[in-house]
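Summary of the model geometry
What follows is each chain in one-letter form.
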Amino acid sequence: MKATKTDIRAAAPRLSEETAEFQTFGTVVRLPIALSQKVCESSVRALNQVLADTITLRDLYKKHHWQVSGPTFFQLHQLYDKHYEEQATLVDQIAERIQLLGGVSIAMAQDVADRTQIERPPMGREAVPIQISRLLAGHEEVLRGSHQAAEEAQKGGDDGTNDLLVSNVIRSNEFQVWFLAQHLVPTAVTESANESERELVAAKSLAPERTFQS
Ligand SMILES: [Fe+2]
């Protein structure tokens, strides 16, 4: 059989191709999802703010996962990473909701840094109570924005956005706040909490040993 001659250039990767973006940030294209353009634009705007703050909170968890110290190192190291993974799941869900509404989701760190409402932490390490306070403030920022956005979405009939915000974002953030905040309750880690308790323990250790019969 005679081989057909092909142009080898057709198989070459186009490494230097430059194309202009075909949808600019801030625009919304219509998709057949039975929601008005106005409602989609409003939800996209609100979701992008929640997204910027959620990406920041996610990364704050990883920073603290790496930089944590002290007697609770192991469990906080693990807890921070668990919350990081859960925030990463939320990031994907929010970003994809923005795209399916016809919008463009925020993605890159520089754009996130420009828009997030969460205060920038220092580059150095901070003690556990500061780490936790910072995370709690971040959660509250996300929750504040999510409650507002959920209410707006409900008014406009955007049930999907409302459901994502209420069932996923708000519920997950509230749960994580609970787990974190309990670390700030001043209970003792390695010794009794107060003088009278320590005295009680000392008195018991001096008392004659009791024997138990089976
Ligand atoms: Fe790790």
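The structure under discussion appears in the preceding block.
The rules behind these values
Residues numbered from 1 in each chain as written. Predicted model: local features only at pLDDT ≥ 70, side-chain atom pairs only at ≥ 80, totals over all residues. Heavy atoms only, no water. Patch = residues over 30% accessible without salt bridge, like charges linked within 9 Å, V, L, I, M, F, W, Y side chains within 5 Å. Areas by Shrake-Rupley, 256 points an atom, 1.4 Å probe, with all protein chains shown as cover. Salt bridge = Lys/Arg side-chain N within 4 Å of Asp/Glu carboxyl O. Helix = DSSP H or I, 4+ residues; strand = E, 2+ residues; numbered from the N terminus. Core = buried A, V, L, I, M, F, W, Y, C linked by side-chain atoms within 4.5 Å. Buried < 20%, exposed > 50% of the residue type's maximum accessible area, 1.4 Å probe, protein only. Contact = heavy atoms within 4.5 Å. Axes fitted to C-alpha atoms, helices over the stretch in contact; angles between N-to-C directions. Parallel < 35°, antiparallel > 145°, perpendicular 65-115°, else oblique. Left-handed = near helix turned anticlockwise from the far one by under 90°. Nonpolar A, V, L, I, M, F, W, Y, C, P; charged D, E, K, R; others polar. Expected span 1.5 Å × (residues − 1). Phe/Tyr/Trp six-rings, centres within 6.5 Å; stacked < 30°, edge-to-face > 60°. Lys NZ or Arg CZ within 6 Å of the ring centre and 35° of its normal.

A few words now on a nonpolar patch on the surface. Taken together, Val29, Leu31, Ile33 and Leu100 make up a surface patch of nonpolar side chains, about 280 Å² in accessible area. With respect to the element layout, Leu31 can be found in the segment before helix H1 (37-67).

The nonpolar side chains of soluble globular proteins are, as a tendency, buried together. If you look at the biggest cluster of nonpolar residues, it comprises 38 residues, and the most contacted ones within it are Leu51, Tyr80, Ile94 and Leu180. Broken down by secondary-structure element, the contributors of at least two residues to this core are H1, helix H2 (73-100), helix H4 (128-156) and helix H5 (159-181). Per element, the largest residue contribution to this core is 11 residues, and it comes from H1. The contact partners of Leu180, leaving out residues within four places of it in the chain, are Tyr61, Leu79, Tyr80, His83, Ile132, Leu135, Leu136 and His139.

Between two packed helices, both the angle of their axes relative to each other and the distance between the axes serve to describe the pair. Closest axis-to-axis distance for the H2/H5 pair is 11 Å, and the angle between their directions is 165°. By the angle class used here, H2 and H5 are roughly antiparallel. In this structure, H2 crosses over H5, and the sense of that crossing is left-handed. In this structure, H2 contributes Leu79, Tyr80, His83, Glu86, Gln87, Leu90, Gln93, Ile94 and Arg97 to the contact, and H5 contributes Gly160, Thr161, Leu164, Asn168, Val169, Ser172, Asn173, Gln176, Phe179 and Leu180. Broken down by class, the residue content of the contact of H2 with H5 amounts to 8 nonpolar, 9 polar and 2 charged.

Mapped onto the secondary structure, Thr161 falls in helix H5. When neighbours within four sequence positions are excluded, Thr161 is seen to be in contact with Ser43, Leu47, Arg97, Leu101 and Ala153.

With that out of the way, let us pick up H1. With 31 residues, H1 ought to run about 45 Å at 1.5 Å a step, and its terminal C-alpha atoms sit 45 Å apart, in line with that. In terms of residue burial, H1 counts as a mostly covered element, since 22 of its 31 residues are buried.

Across all of its chains, the model carries 4 aromatic pairs by this definition. Ring centres 5.5 Å apart and planes at 75° place the aromatic pair Phe175 and Trp178 in the edge-to-face group. With Phe175 and Trp178 both in helix H5, this residue pair falls 3 residues apart, about one helical turn. Joined through ring pairs, the aromatic side chains of Phe175, Trp178 and Phe179 make up one cluster. Across the ring face of Tyr84, the terminal group of Lys62 is positioned such that the distance to the ring centre comes to 4.4 Å.

Turning our eyes to something else, we now look at the side chain of Asn162. Position of Asn162 among the secondary structure elements: in helix H5. Among residues more than four places away in sequence, those in contact with Asn162 are Ala150, Ala153 and Gln154.

Here the focus is the packing of H4 against H5. Put simply, H4 and H5 touch, their axes get as near as 9 Å, and they point 160° apart. On the basis of their axis angle, the class for H4 and H5 is roughly antiparallel. In this structure, H4 crosses over H5, and the sense of that crossing is left-handed. On H5, the residues that touch Ile132, Leu135, Leu136, His139, Val142, Leu143, Ser146, His147, Ala149, Ala150, Ala153 and Gln154 of H4 are Thr161, Asn162, Leu165, Val166, Val169, Ile170, Asn173, Glu174, Gln176, Val177, Leu180 and Ala181. For the contact of H4 with H5, the class distribution of residues is 15 nonpolar, 8 polar and 1 charged.

Helix length check: H4 (29 residues) gives 42 Å between terminal C-alpha atoms against 42 Å at 1.5 Å per residue, within 8%. Positive backbone phi, at 80°, marks Gly157, one or two positions downstream of H4.

Our focus in this paragraph is the environment of Leu47. By secondary structure assignment, the location of Leu47 is in helix H1. When its relative accessible area of 0% is taken as the criterion, Leu47 is described as buried. For Leu47 and Ile106, which are 59 residues apart along the polypeptide, the C-alpha to C-alpha distance reads 9.6 Å. In contact with Leu47, not counting residues within four places along its chain, are Ile94, Arg97, Ile98, Leu101, Thr161 and Leu165.

Our focus in this paragraph is the environment of Gly138. Position of Gly138 relative to the elements: it lies in helix H4. On the basis of relative accessibility, which here comes to 0%, the residue Gly138 falls in the buried class. Apart from residues lying up to four places away in sequence, Gly138 is in contact with Leu57 and Ile118.

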